[in-house]
Amino acid sequence: MSVNISPLGDCAALVNFGNTIDPDINQRVLSLHEALAQSSFNCFIESVPAYASLAVFYDTQKIAKHTNSSPYAFVKNHLLAMLAQDNIANEAIKSIINIPVCYDAEFGIDLHYMAEYHRLTINEIISLHTAIVYRVYMIGFMPGFAYMGSVDDRLATPRKNQPRLNVPAGSVGIAGSQTGIYPIDSPGGWQIIGKTPLQLFDTNRKIPSLLAAGDQVQFVSIDKNEFQQINGH
Amino acid sequence: MGIKIIKPGIFTTIQDLGRIGYRAVGIGPGGAMDTFAATVANYLVENDKNCPVIEMHFPAAEMVFESTALVSITGGDFGASLNEAHISPWKPFFVQEHDRLTFKNQTSGARIYLAIHGGIKADEWLKSCSTHSKLKAGGYKGRALLKADRIELNKSMSRFSINNFPNLKSIIHPVYEKPNLIRCIAGPEWNLMQKSSQSIFSGSTFSITTHSDRMGFRLKGTNLAIQTAEQLISSPVNYGCIQLLPNGQLIVLMADHQTTGGYPRIASVISADLPKLSQSAIHSNIQFEMIAQGSAEDALFSLHQTLRSIKNNCNLFYAVHRHQL
């Protein structure tokens, strides 16, 4: 697999593994992310995993003390050496996080559109969406927003032409072959098919985001009564 | 001991140097737009560089102090006046109980920073006091300041002479020199841009549009084009990242940027020029100059050298006056 490292400004390097959404490529991204988090080298500040790339933020000043060459060149060599070691750990088996979703038309405001678009019944949409264990590829776009995939081909739907000005927190949507949950109220163009009563993001929690890259997620259909019950707690 | 906000001004917020370590869960660093000015504001009143400061735009806030305090204002020049007496930016000054601070006119820059010796009390969230207004966390109740808000000070103090405080203007000046010339290095997708667009990028002028805020500066200029129609999948972005939008126009991501994005990252503003860019007001024209990675790093080292020099000057002054602090 070809890996390309390039500068992302003068304080970060971008490790690019390609331009495809693929679980194996994403696992390489997360392995490097993990290896950096555990590395004793104290000049790395943080790294940010995406589908097929990882941004590595470093302390340019501190690194200058380790090298006579450019800090970026030093970081690039350091990362290439880490990648060459190829001790990329096997993916730890993660338990599946079940996320209850109420697929009622009150919350799933695009269910009817989706049903018409794909010539499916709403029940078929629900069973297709709940049948798969999704991978959280990355968190981005907004705090705690998990990009998950891939949905069944029969559910893949383009984004709305005109994004909504406000999508309520907890809304579950589909964009292309991805599925995701809006953690906070936000403008957005994903096709909304339901809503979870869980709080995906809470600033009062020690770890504010419920989901992290690499997690496994399965949606569980609940009715409105169950939604209210969980919501009330 | 506190500061009473009489008029809130436009988006007056508490910021520090940002929230580090949470980009992986989608929380960007935020923090002061002009980290140089925020840091210097703190050094001028003998604070740690990451002490929370008040970031203001024009029209700025009007405030009344409830006790004696050592204060500094840095960044742009908004015609600060204390009880109608002119206050120069980039040097410390004393305020007393009932003193009223106002800002008359914007003569330079786009934002200013106010620091107070001993610091202000602010909400800390994920190790930072920066205001995250979208999540309503950090700073002052997670929001911009409003009329009648009261900010508590950490320390009380008494007045002493700071008349012979060193003049640091000649040290600071180079950081904001040539305000319209913004140096860049190539971004990951620079080579995806058409050759003709590459030369337009570094050879023409772009203006900062009204659709510019703490999240990003939208620019207006000649349309630029990408060679391929291939869609990019979402990938990390950072402060200073210049993205090419589908309509051919550019956006420069600023302090409150998202952590990931899907538009081509054609270039990055060098860290040493972010203070300058963040002080560029709406409607100002800027030009980009492509430089080598090594030159960007050297410019950053020199910025840090400038900060060290300012810090040393301030510390030396206060060391002599320490018995009074």
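What counts, and at which threshold
- Residues numbered from 1 in each chain as written.
- Chains lettered and ligands numbered in written order.
- Predicted model: local features only at pLDDT ≥ 70, side-chain atom pairs only at ≥ 80, totals over all residues.
- Helix = DSSP H or I, 4+ residues; strand = E, 2+ residues; numbered from the N terminus.
- Rg over C-alpha atoms; globule rule 2.2 N^0.38 Å.
- Buried ≥ 20, exposed ≤ 12 C-beta atoms within 10 Å, placed from the backbone.
- Contact = placed C-beta atoms within 7 Å.
- Pairing = 2+ DSSP bridges.
- Axes fitted to C-alpha atoms, helices over the stretch in contact; angles between N-to-C directions.
- Domains from an automatic or database assignment.
- Nonpolar A, V, L, I, M, F, W, Y, C, P; charged D, E, K, R; others polar.
- pLDDT = per-residue confidence, 0-100.
- Core = buried A, V, L, I, M, F, W, Y, C linked by C-beta atoms within 7 Å.

**Student:** Whenever I open this one, the overall build of chain B confuses me. Can you help?
**Tutor:** Counting its secondary structure elements, chain B contains five helices and 20 strands. Here chain B has a C-alpha radius of gyration of 20 Å; the compact-globule value for 325 residues is 20 Å, and the two agree. For chain B, the spread of C-alpha atoms along the principal axes amounts to about 65 × 40 × 35 Å. Here chain B, with 325 residues, has 49% of them falling under the buried criterion. A fraction of 75% describes how many contacts in chain B between residues 6 or more apart in sequence connect residues 24 or more apart.

**Student:** When you look at the overall build of chain A in this model, what are you seeing that I'm missing?
**Tutor:** Broken down by element type, chain A carries six helices and 13 strands. Judged by the C-alpha coordinates and their principal axes, chain A covers about 65 × 35 × 35 Å. The buried share of chain A, reckoned over its 233 residues, is 43%. Counting only contacts in chain A whose residues sit at least 6 apart along the sequence, the fraction spanning at least 24 positions is 59%.

**Student:** Sorry, what's going on with the sheet that holds strand β3 (residues 53–56) of chain B here?
**Tutor:** All names here are of chain B. Spatial ordering of the open sheet is given by β2-β3-β10-β5-β8, a layout of five strands whose pairing is antiparallel. Each of the sheet's edge strands pairs with one partner strand only, and the pair in question is β2 (13–15) and β8 (93–95). On average, each strand axis in the sheet is inclined to that of its neighbour by 35°, with strand direction left out of account. Here β3 runs beside strand β10 (residues 108–116); their pairing, made up of three bridges, is antiparallel.

**Student:** I'm lost on the domain arrangement of chain B in this one. Help?
**Tutor:** Interfaces are often described in size by the accessible area the parts lose on coming together. Residues and elements named next belong to chain B. If you check the domain split of chain B, you get domain 1 (2–168) and domain 2 (178–291). The gap between the C-alpha centroids of domain 1 and domain 2 is 29 Å. Each partner contributes residues to the interface: domain 1 has 16 residues there, and domain 2 has 12 residues. Those elements that provide at least two residues to the side of domain 1 that touches domain 2 are α1 (35–44), β5 (69–77) and β10. Of the residues that constitute the side of domain 1 that touches domain 2, the class distribution is five nonpolar, eight polar and three charged.

**Student:** Even after reading the chapter, I still don't get the interface of chain B and chain A, so can you show me in this structure?
**Tutor:** Every contact between the two is made by 33 residues of chain B and, on the other side, 41 residues of chain A. A per-element tally of the side of chain B that touches chain A places helix α5 (residues 293–320) of chain B first, with seven residues. Its residues assigned to classes, the side of chain B that touches chain A shows 17 nonpolar, 14 polar and two charged.

**Student:** Can you walk me through the confidence of the model for chain B in this structure?
**Tutor:** Confidence along chain B averages 96 in pLDDT terms, with 99% of residues attaining 70 or more. The complex model carries a pTM of 0.95, and its ipTM stands at 0.96.

**Student:** Is there a simple way to think about the pairing of strand β10 (residues 178–181) of chain A in this case?
**Tutor:** Consecutive residues of a regular strand have side chains that alternate between opposite faces of the sheet. Residue and element names in this part refer to chain A. On β10, burial covers both faces: Gln178 and Gly180 on one face and Thr179 and Ile181 on the other are all buried. Examined bridge by bridge, strand β7 (residues 146–149) and β10 share two bridges and lie antiparallel to one another. Along β10, the bridge assignment pairs Gly149 with Gln178. Taken together, the four bridges between strand β9 (residues 171–175) and β10 define a ladder with antiparallel strand orientation. Following the sheet pairing, Ile174 is matched in β10 by Thr179. Hairpin remark: β9 followed by β10, antiparallel, with two residues in the connecting loop; positive phi at Gly176, about 60°.

**Student:** It is not clear to me how the sheet that holds strand β4 (residues 53–58) of chain A should be interpreted in this structure. Could you clarify?
**Tutor:** Paired through their backbone hydrogen bonds, the strands of a sheet run either parallel or antiparallel. Residue and element names in this part refer to chain A. Pairing is antiparallel in the open sheet, where four strands are placed in the order β1-β2-β4-β3. Two strands bound the open sheet, and with one partner strand each, they are β1 (4–7) and β3 (44–49). Direction aside, the axes of adjacent strands within the sheet are offset by 20° on average. Where strand β2 (residues 12–16) meets β4, five bridges bridge the pair, whose relative direction is antiparallel. Paired with Val15 across the strands is Leu54, a residue of β4. Strands β1, β2 and β4 of the sheet are contacted by helix α3 (residues 71–85), whose axis makes an angle of about 35° with β2.

**Student:** So what exactly am I meant to see when it comes to the nonpolar core here?
**Tutor:** If you look at the biggest cluster of nonpolar residues, it comprises 83 residues, and the most contacted ones within it are Ala41, Val53, Tyr113, Leu114, Ala115 and Val252 of chain B. Ranked by residue count, the leading element in this core is α1 of chain B, at seven residues. In terms of domain composition, this core takes at least three residues from each of domain 1 (2–168) and domain 2 (178–291) of chain B. The contact partners of Val252 of chain B, leaving out residues within four places of it in the chain, are Gly216, Phe217, Leu219, Gly240, Ile242, Val269 and Leu277 of chain B. Within the second largest apolar cluster, 70 residues are counted, among which are Cys11, Tyr137 and Leu210 of chain A together with Trp125 of chain B.

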